[in-house]
Amino acid sequence: MLSRKDLFKDTLRKAAHAWKRIIELRLSEEEASKLRFFVDQPVFTDLHWGMFIPAIKGQGNDEQQQKWLPMAYKMQIIGCYAQTELGHGSNVQGLETTATFDPETDEFVIHSPTLTSSKWWPGGLGKVSTHALVYARLITDGQDHGVHGFIVQLRSLDDHLPLPGITVGDIGMKFGSGAYNSMDNGVLRFDHVRIPRDQMLMGFVTREGKFMQSDVPRQLVYGTMVYVRQKIVADASCALSRAVCIATRYSVVRRQFGSHNGGPETQVIDYKTQQSRLFPLLASAYAFRFVGEWLKWLYTDVTQRLQASDFSTLPEVHACTAGLKSVTTSATADAIEECRKLCGGHGYLSSSGLPELFAVYVPACTYEGDNVVLLLQVARFLMKTVSQLGSGKKPVGTIAYMGRSEHLLQCRCEVERAEDWLKPNVILEAFEARAARMSVTCAKNLNNFPNQEEGFAQLATDLAEAAVAHVQLIIVSKFIEKLQQDIPGKGVKRQLEILFNVYALSLLHKHLGDFVASGCITPKQGALANEQLRLLYSQVRPNAIALVDAFNYTDHYLGSVLGRYDGNVYPKLYEEAWKDPLNETVVTDGYHEYIRPILKQHIRVARL
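As the structure is a computational prediction, the values presented were derived from the model and not from experiment.

**Quick notes on the overall build of the protein chain**
Alright, step 1. Across its full length, the protein chain holds 20 helices and 11 strands.
Alright, step 2. In terms of its C-alpha atoms, the protein chain occupies a principal-axis envelope of roughly 90 × 85 × 65 Å.
Alright, step 3. Counting across all 608 residues of the protein chain, residues that qualify as buried make up 50%.
Alright, step 4. Contacts in the protein chain between residues far apart in sequence, at least 24 positions, make up 71% of those at least 6 positions apart.
Alright, step 5. Summed over all atoms, the accessible surface of the protein chain reaches about 30000 Å², with 54% contributed by carbon and sulfur.
Alright, step 6. Across the protein chain, the 65 positively charged side chains and the 64 negatively charged ones have centroids separated by 5 Å.

Right, here's the structure in full:
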């Protein structure tokens, strides 16, 4: 309920307090990250620690790291990541900002030649950042060498005023009331701003203006990308589990219809329509958690490989992280809105916690790569993989199943009874067959076009769907791997097995057309999967509350009257209503000016 100015100042207060505690308690980097996470409000520090520092670590040479990182770690400078422009976001190669080398002064001249070249959207830029990692077209001796990164100081470290040649500000209110409005997403324009030559990352320009790649391999850019995207997948699991926790707890509290002889009405969670919408989302929260944990391992693995100049797994890792970012964020955004609807009318109240959670989460579908664009990147990788199947090059990692494409294109599902769908190997083969067949079909259809790019444009929808099938297979396979680990307690493992089956079979139900059309299962087997799914919902029901309590969210962090741990919903909803500023006066402001004249027929009408 704060104004934008008050909200932003409140955010600065929280960020400063968090930094003070980090210093006082001498928190490790991991502990400090957790503390910032629990501030639970988009804030400039997200970009400073999440993108500015990792980019310098991953892309700067030794001298640049030694110069900039100590200041950044102490927050003597505050940085942001200025890539997206008013006219270009996903198409990085289309960025218009220029960095022209001036050999006479040994400097780069950063310039915004058009209105659409204005940097637009970078978080932390609008009011806080002192420095930015600016992406601009490198121009030396009239030649354009493409987009590179440059460290540029934006504001004075004495009085925080913008430096000469720099126009910077906030881009205005965004979706929601609080949500991302606590972040100073900014606009930035350069008017021939000069920076020293050594502030260019990932490349080297000689004193004479000759451009050379630096000794830092350009592939290290992918290390930063993998880091950011694995964090986004982990955040998807967190946001989804919060929404599911609220909706599940409230579904137990809320009673509607079904009363017999004056007895209590039925708990909403006992209706199959509620279970069929809610329990797959609960299962998805766990599935995303497990694939997020695996991505952390993948990031460590690819980082070690990059440091050893082993770039062999990069194409697969890039496709994997791009696809998982796209699928998990889209699913989570849709799921939060579904949870709001699962809470009925009360879910629309801000005090339910769901409208703000939705508003603060949905940007994830766009930032760090538009979700559809990312799926098409995955599709390109899949098409290249299919084209190499006959070359003897063996697919590895998340595309290893493609090496068995001959079998997967022929195999038929062996399900005869509903319970056959409880076998992980049966589910896995069905998902592998669907993914392989959709990719191979797309590849065959592409060959019908004389021009490959025209084929990609015409078949973009099919290609995106094939990418989704591939990514969903990755999530299913990582869930199975989790179940194969040593999980303490038979009861816990049993609940996870039930959730796995709910996740996989609900996907099969949702995409039944793909599975049947690709020929890997029959319509009757699809009907048996639905039958088994109904039985699984009944097995989730007794432990639904325990499964959301396991997320271990405090009431304070959850921020929802509907999702209270003690279930004391209605008295608290009533209490919250009276806190609204509109209720500060019994007779509303504006009564005498506007309401009373209507009631007393005192409105003066012009005589015509």
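**A closer look at the pattern of salt bridges**
Alright, step 1. According to the stated counting rule, one finds 33 salt bridges in the structure shown.
Alright, step 2. As a salt-bridge pair, Asp 106 and Arg 197 come within 2.4 Å of each other at their nearest N and O atoms. Of this pair, Asp 106 sits in the loop between β2 (98-102) and β3 (107-111) while Arg 197 sits in the loop between β9 (193-196) and β10 (204-205); the two residues are 91 residues apart in sequence, bridging distant segments of the chain.
Alright, step 3. Among the salt bridges present, the one from Asp 270 reaches Arg 541, with a minimum N-O distance of 2.7 Å. Here Asp 270, found in the loop between α5 (220-253) and α6 (272-307), pairs with Arg 541, found in the loop between α16 (523-540) and α17 (544-549); they are 271 residues apart in sequence, far enough to count as distant.
Alright, step 4. What you see here is one network of salt bridges that share partners, running through Arg 417, Glu 419, Asp 420 and Lys 423.

**Focus: a nonpolar patch on the surface**
Alright, step 1. On the surface, Tyr 594, Ile 595 and Leu 599 cluster together into a nonpolar patch covering about 340 Å² of accessible area.
Alright, step 2. Checked against the element boundaries, Tyr 594 lands in helix α20 (residues 591-599).
Alright, step 3. Judged by its relative accessible area of 59%, Tyr 594 falls in the exposed class.

**Details of the pairing of strand β1 (residues 79-82)**
Alright, step 1. Residues Gly 79 and Tyr 81 of β1 are buried on one face, and the alternating residues Cys 80 and Ala 82, pointing to the opposite face, are buried as well.
Alright, step 2. Summarising the sheet, β1 and strand β5 (residues 131-140) pair through 4 bridges and their orientation is parallel. In the sheet register, Gly 79 faces β5, and the bridge partner there is His 131.

**Focus on the domain arrangement of the protein chain**
Quoted interface sizes are often the accessible area lost when the parts come together.
Alright, step 1. Here the protein chain is described as being made up of domain 1 (42-212) and domain 2 (221-393 + 427-483 + 494-548).
Alright, step 2. Inter-centroid distance (C-alpha atoms) of domain 1 to domain 2 is 34 Å.
Alright, step 3. Contact with domain 1, which involves 15 residues of that partner, is made by 14 residues of domain 2.
Alright, step 4. Applying the counting rule to domain 1 against domain 2 returns 0 salt bridges.
Alright, step 5. The tally of links from domain 1 across to domain 2 stands at 3 residue pairs in polar contact (both at pLDDT 80 or more).

**Concerning the UniProt feature "active site" (unreviewed entry) in the protein chain**
Alright, step 1. Within the UniProt annotation, "active site" (unreviewed entry) is assigned to Glu 368.
Alright, step 2. You can see Glu 368 is positioned in the loop between α8 (354-361) and α9 (371-387).
Alright, step 3. Residue Glu 368 is classed as partly exposed on the basis of its relative accessible area, which comes to 28%.
Alright, step 4. If we skip the residues at most four places from it in the chain, Glu 368 touches Met 51, Val 228, Arg 229, Ile 232, Lys 325 and Leu 374.

**Side note on the packing of aromatic side chains**
Alright, step 1. Under the criterion given, the structure shown has 19 aromatic pairs.
Alright, step 2. Consider the rings of Trp 19 and Trp 49, whose centres lie 5.9 Å apart with planes at 40°: the pair is tilted. Of this pair, Trp 19 sits in helix α1 (residues 4-24) while Trp 49 sits in helix α3 (residues 44-59), and the two are 30 residues apart along the sequence.
Alright, step 3. Using a relative accessible area of 23% as the deciding quantity, one classes Trp 19 as partly exposed.

**Side note on the environment of Thr 224**
Alright, step 1. Locating Thr 224 in the fold gives a position in helix α5.
Alright, step 2. Residues Thr 224 and Lys 393, spaced 169 residues apart in sequence, show a C-alpha to C-alpha distance of 28 Å.
Alright, step 3. Excluding residues within four positions of it along the chain, Thr 224 makes contact with Pro 54, Ala 55, Gly 58 and Gln 59.

**Here we look at the UniProt feature "domain: Acyl-CoA oxidase/dehydrogenase middle" (unreviewed entry) in the protein chain**
Alright, step 1. UniProt records the feature "domain: Acyl-CoA oxidase/dehydrogenase middle" (unreviewed entry) for residues 80-181 in the present numbering.
Alright, step 2. As annotated, residues 80-181 comprises 0% helix and 40% strand, and the C-alpha atoms at either end are separated by 17 Å.

**Considering the sheet that holds strand β7 (residues 166-170)**
Alright, step 1. Pairing is antiparallel across the open sheet formed by 3 strands, whose spatial order is β4-β8-β7. Edge positions in the sheet fall to β4 (119-120) and β7, since each has one partner strand and no second.
Alright, step 2. Pairing geometry for β7 and strand β8 (residues 186-190), over 5 bridges, is antiparallel. When the sheet's bridge partners are listed, Asp 170 is paired in β8 with Gly 186.

**A closer look at the pairing of strand β6 (residues 143-153)**
Alright, step 1. With 9 bridges connecting them, β5 and β6 associate as antiparallel partners. Counted as the bridge partner of Arg 137 is Val 147 from β6.
Alright, step 2. In textbook terms, the turn of a hairpin is the stretch between consecutive antiparallel strands, and for β5 and β6 this stretch comprises 2 residues, one of which, Asp 141, has a positive phi near 50°.

Reading the values: rules and limits
- Residues numbered from 1 in each chain as written.
- Predicted model: local features only at pLDDT ≥ 70, side-chain atom pairs only at ≥ 80, totals over all residues.
- Heavy atoms only, no water.
- Helix = DSSP H or I, 4+ residues; strand = E, 2+ residues; numbered from the N terminus.
- Buried < 20%, exposed > 50% of the residue type's maximum accessible area, 1.4 Å probe, protein only.
- Contact = heavy atoms within 4.5 Å.
- Areas by Shrake-Rupley, 256 points an atom, 1.4 Å probe, with all protein chains shown as cover.
- Lys, Arg positive; Asp, Glu negative; His and termini not counted.
- Charge placed at Lys NZ, Arg CZ, Asp CG, Glu CD.
- Salt bridge = Lys/Arg side-chain N within 4 Å of Asp/Glu carboxyl O.
- Patch = residues over 30% accessible without salt bridge, like charges linked within 9 Å, V, L, I, M, F, W, Y side chains within 5 Å.
- Pairing = 2+ DSSP bridges.
- Domains from an automatic or database assignment.
- Polar contact = N/O pair within 3.5 Å; in protein donor to acceptor, adjacent residues only side chain to side chain.
- UniProt positions renumbered as here; feature names shortened; annotations may be inferred.
- Phe/Tyr/Trp six-rings, centres within 6.5 Å; stacked < 30°, edge-to-face > 60°.

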